[in-house]
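Single-letter residue listing:
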Amino acid sequence: MSARLPSLLLLVALLAGWEAWCRLGGVSALVLPPPSAVLATLWSEIATGRLWPHLAVTATEMALGLAIGAVVGLGVGILLAEFPALSRLLRPYVLASQLVPKLALGPLFIIWFGFGMTPTVVITALICFFPLMENTLTGVSEVDPARRELFRMLGASRLQTLLRLKLPAALPVIMAGLRVAVVLALVGAVVGEFIGGRIGLGASIIAAQSVMDSSLIFALFIVITALGMLLYEAVRLLERRVLHRFSKG
Amino acid sequence: MSTDRSTPGFVAIEQVRYRYGANDPAIVDGVDWAIPRGEIHCLLGRSGCGKTTLLKLAAGLLGPSEGAIRISGEALHGPSLHAGFVFQAPTLLDWLSALDNVLLPVSLRRRVTAADRDAARDLLARIGLADFATRRPAELSGGQQSRVALARALIGNPDLLLLDEPFAALDALTREELQDDLLRLCALNGTTALFVTHDIGEAVYLADKVAVMAAGRLAHRRRIELPRPRHRDIRYAPSFIAACRDLRDAMDGEAGTAASQRPAA
């Protein structure tokens, strides 16, 4: 707690400065609402229950996109690391698919999948795929050659070498990829909703913008940030659990 | 040490050559060597002389370009399951306890039984690590990690133990302790061992026979006629010092010859 105290104090000071500037500087609430107005809007959204359906949709899109992108990324990363010929064949296409701006694919996905959660989940999965694939490929390929030689000497099969040596050794790198993917998943879900969402936190921001409700936009920022931090911490917890388990064998 | 000297060539290295590519120079160049069952032989040489390559050939990790390697009369085609290998670095798995690291060779072949666990604990106890079975490698010193690696190589009572400068990174006192551990463990089951080192004293202390390797060839061989079991005091005996001197002269002589044979840059 004492370690976090300076951060909390800084937050309080920034909020106090922001509030004072809005009140004393005569800044229009339309341009920059004071924190007190933002918190009041946030509380009203929570108390009336208007927030929950939007939060649920965005959290679901984010979780589904992250799960699909992570599983496919992990699988493709393992395949490319284990079969160099396949890597040489597919790497340029995988790279090209990642260089296409995923959000630009949004309109196409709406044509393909219609309005609703599916296009946003697909965009989020595509964004989350790359860090998992790249980190898995790097982690599995760069296992210490002496340890690989040890497994050869012990007569280990290819699958045993993958499951008992390469994946556990690559876990810290893979988990780092997952942490990056969580942050990107939030971006994917919210921005995906900008394009084709009717419900969700991103869609709510667009709706608030159309009625010039800056307080609501700021309140939604807080919710999105809190959601991101919650998921990031959940992944950190998972990371600690997984690494701890593997550290004990 | 109880050894069966009736099988003179338990490990037979016959006219072995190894080169990386067809037109590359030979790293191992026509080596003939026989290790009787139960003996410890040391391969002594400077860095880059080909001794680690020869050891990997004996392990089946590399295949010879010419010649053959036989263990117990059978030609070697790939890593031998009857051989234990100790690498230069301990190569322990960081996420496993010391006990599970020792049990790794067993767990890769079949389900680990209570008897296997007892055998592994017994091995750890013999090398003074009885209280460290649940520790992970990061919680062990360099010497302790090397001991665990040695126990891992010995867990299935292999007929042959191959060691690639396993104690080179340790301080002198720890190295001597580990040499004693190795001699004790090999004597226990009459394990045959091929030990690669660049340390003359280590080679003389451990070996029944030492071969000096230079430029891929075995240049000098010497039987070490020191009594067993060996104790640290033997290092100060005139016969020990004489053996060291002889091997040093052989290494110096071969280094000079190798340098004169090397083409001018």
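Everything numeric here is computed off the predicted structure, so don't read it as measured data.

### Re the overall build of chain A
For chain A, the helix and strand inventory stands at 10 helices and 0 strands. Each helix and strand of chain A, ordered N terminal to C terminal, gives the series α-α-α-α-α-α-α-α-α-α. The C-alpha atoms of chain A give 22 Å as radius of gyration, which overshoots the globular expectation for 249 residues (18 Å, by more than 25%). If you line up chain A on its principal axes, its C-alpha atoms span 75 × 50 × 30 Å. A burial count over chain A gives 34% of its 249 residues as buried. Across chain A, contacts joining residues at least 24 apart in sequence account for 76% of those joining residues at least 6 apart.

### A word on the pairing of strand β3 (residues 40–44) of chain B
Residues and elements named next belong to chain B. Of all the 5 residues making up β3, 5 are buried; the element is thus mostly covered by neighbouring parts of the structure. In β3, alternate side chains face the same way, and those of Ile40, Cys42 and Leu44 on one face and His41 and Leu43 on the other are all buried. With 5 bridges joining them, β3 and strand β8 (residues 192–197) adopt parallel strand pairing. Bridge pairing in β8 links cysteine 42 to phenylalanine 195. One ladder, built from 4 bridges, connects β3 with strand β9 (residues 209–214); its direction is parallel. Its bridge partner being in β9, histidine 41 is matched across the sheet by lysine 209.

### Quick notes on the UniProt feature "transmembrane region" (unreviewed entry) in chain A
Residue and element names in this part refer to chain A. Per the UniProt record, "transmembrane region" (unreviewed entry) is found at residues 62–81, 169–195 and 215–235. As annotated, residues 62–81 has a helix share of 100% and a strand share of 0%, and its two end C-alpha atoms lie 27 Å apart. Annotated as 100% helix and 0% strand, the span residues 215–235 places its first and last C-alpha atoms 31 Å apart.

### Looking at unusual backbone geometry
Residues and elements named next belong to chain B. Between arginine 228 and proline 229 the backbone carries a cis peptide bond, its omega angle lying at -5 degrees. Along the polypeptide, proline 229 turns up in the loop between β10 (217–223) and α7 (238–261). The phi torsion at threonine 91 lies on the positive side, around 45 degrees, for a residue other than glycine. With respect to the element layout, threonine 91 can be found in the loop between β6 (83–86) and α2 (98–109). The class for threonine 91 is buried, based on 22 C-beta atoms found within 10 Å. Positive phi is not limited to glycine here, since alanine 215 has a value of about 50 degrees. Tracing the sequence through the fold places alanine 215 in the loop between β9 and β10.

### Points about helix α3 (residues 114–126) of chain B
Residue and element names in this part refer to chain B. In this model α3 runs 18 Å from its N-terminal to its C-terminal C-alpha over 13 residues, within 8% of the 18 Å that 1.5 Å per residue would give. For α3, the full list of buried residues reads Ala120, Leu123 and Leu124. The buried residues of α3 occupy an angular sector of 100 degrees when projected down its axis, which confines them to one face. Structural note: α3 exposes Ala114, Ala115, Asp118 and Asp122 on the side pointing more than 90 degrees away from its buried face. Where α3 is buried, its residues touch α2 and α4 (142–154). Phi for glycine 128, located one or two positions after α3, is positive at around 75 degrees.

### Focus: the UniProt feature "domain: ABC transmembrane type-1" (unreviewed entry) in chain A
The sites that UniProt annotates as "domain: ABC transmembrane type-1" (unreviewed entry) are residues 55–235 of chain A. The straight-line gap between the two end C-alpha atoms of residues 55–235 of chain A is 19 Å; of that span, 87% is helix and 0% is strand.

### Points about the sheet that holds strand β5 (residues 74–75) of chain B
Residues and elements named next belong to chain B. Taken in spatial order, the 4 strands of this open sheet run β2-β1-β4-β5, and their pairing is antiparallel. The sheet is open, and its two borders are formed by β2 (28–35) and β5, each paired with just one other strand. Note that strand β1 (residues 11–18) and strand β4 (residues 66–71) share 5 bridges and pair antiparallel. Across the sheet, isoleucine 13 pairs through a bridge with isoleucine 69, a residue of β4. Of the strands in this sheet, β1, β2 and β4 are in contact with helix α1 (residues 51–59), which crosses β1 at around 125 degrees.

### Focus: the pairing of β10 of chain B
All names here are of chain B. Note: β9 against β10, 6 bridges, orientation antiparallel. Looking at β10, one finds that alanine 211 is bridged to arginine 221. Between β9 and β10, which pair antiparallel one after the other, the connecting turn spans 2 residues, and alanine 215 there sits at a positive phi close to 50 degrees.

### Structural notes on the sheet that holds β3 of chain B
Residues and elements named next belong to chain B. In space, the 6 strands of this open sheet follow the order β6-β7-β8-β3-β9-β10, with mixed pairing throughout. In this open sheet, the two strands that pair with only one neighbour each are β6 and β10. Between one strand axis and the next, the sheet turns by 15 degrees as a mean value, whatever way the strands run.

### Quick look at the nonpolar core
Membership of the largest hydrophobic core comes to 124 residues, with the highest contact counts inside it found for Cys128 and Ala185 of chain A together with Leu44, Ala58, Leu162 and Leu247 of chain B. Residues within four places of leucine 162 of chain B in sequence aside, it is in contact with Leu55, Ala58, Ala59, Ala83, Phe85 and Leu194 of chain B.

### Comments concerning the interface of chain B and chain A
At the interface, 16 residues of chain B touch 15 residues of chain A. Ranked by residues supplied to the side of chain B that touches chain A, first place goes to α2 of chain B with 4 residues. Tallied by class, residues from the side of chain B that touches chain A come to 12 nonpolar, 2 polar and 2 charged.

### Here we look at the packing of helix α6 (residues 117–141) of chain A against helix α8 (residues 158–196) of chain A
All names here are of chain A. Two elements in contact, α6 and α8, have axes whose closest approach is 7 Å; the angle formed by their N-to-C orientations is 160 degrees. In terms of orientation, α6 and α8 fall into the roughly antiparallel class. Pair α6 / α8 crosses with right-handed handedness. Within the contact of α6 with α8, the residues separate by chemical class into 19 nonpolar, 10 polar and 3 charged.

Reading guide: rules and limits
Residues numbered from 1 in each chain as written. Chains lettered and ligands numbered in written order. Predicted model: local features only at pLDDT ≥ 70, side-chain atom pairs only at ≥ 80, totals over all residues. Helix = DSSP H or I, 4+ residues; strand = E, 2+ residues; numbered from the N terminus. Rg over C-alpha atoms; globule rule 2.2 N^0.38 Å. Buried ≥ 20, exposed ≤ 12 C-beta atoms within 10 Å, placed from the backbone. Contact = placed C-beta atoms within 7 Å. Pairing = 2+ DSSP bridges. UniProt positions renumbered as here; feature names shortened; annotations may be inferred. Expected span 1.5 Å × (residues − 1). Arc of directions from axis to C-beta. Axes fitted to C-alpha atoms, helices over the stretch in contact; angles between N-to-C directions. Core = buried A, V, L, I, M, F, W, Y, C linked by C-beta atoms within 7 Å. Nonpolar A, V, L, I, M, F, W, Y, C, P; charged D, E, K, R; others polar. Parallel < 35°, antiparallel > 145°, perpendicular 65-115°, else oblique. Left-handed = near helix turned anticlockwise from the far one by under 90°.

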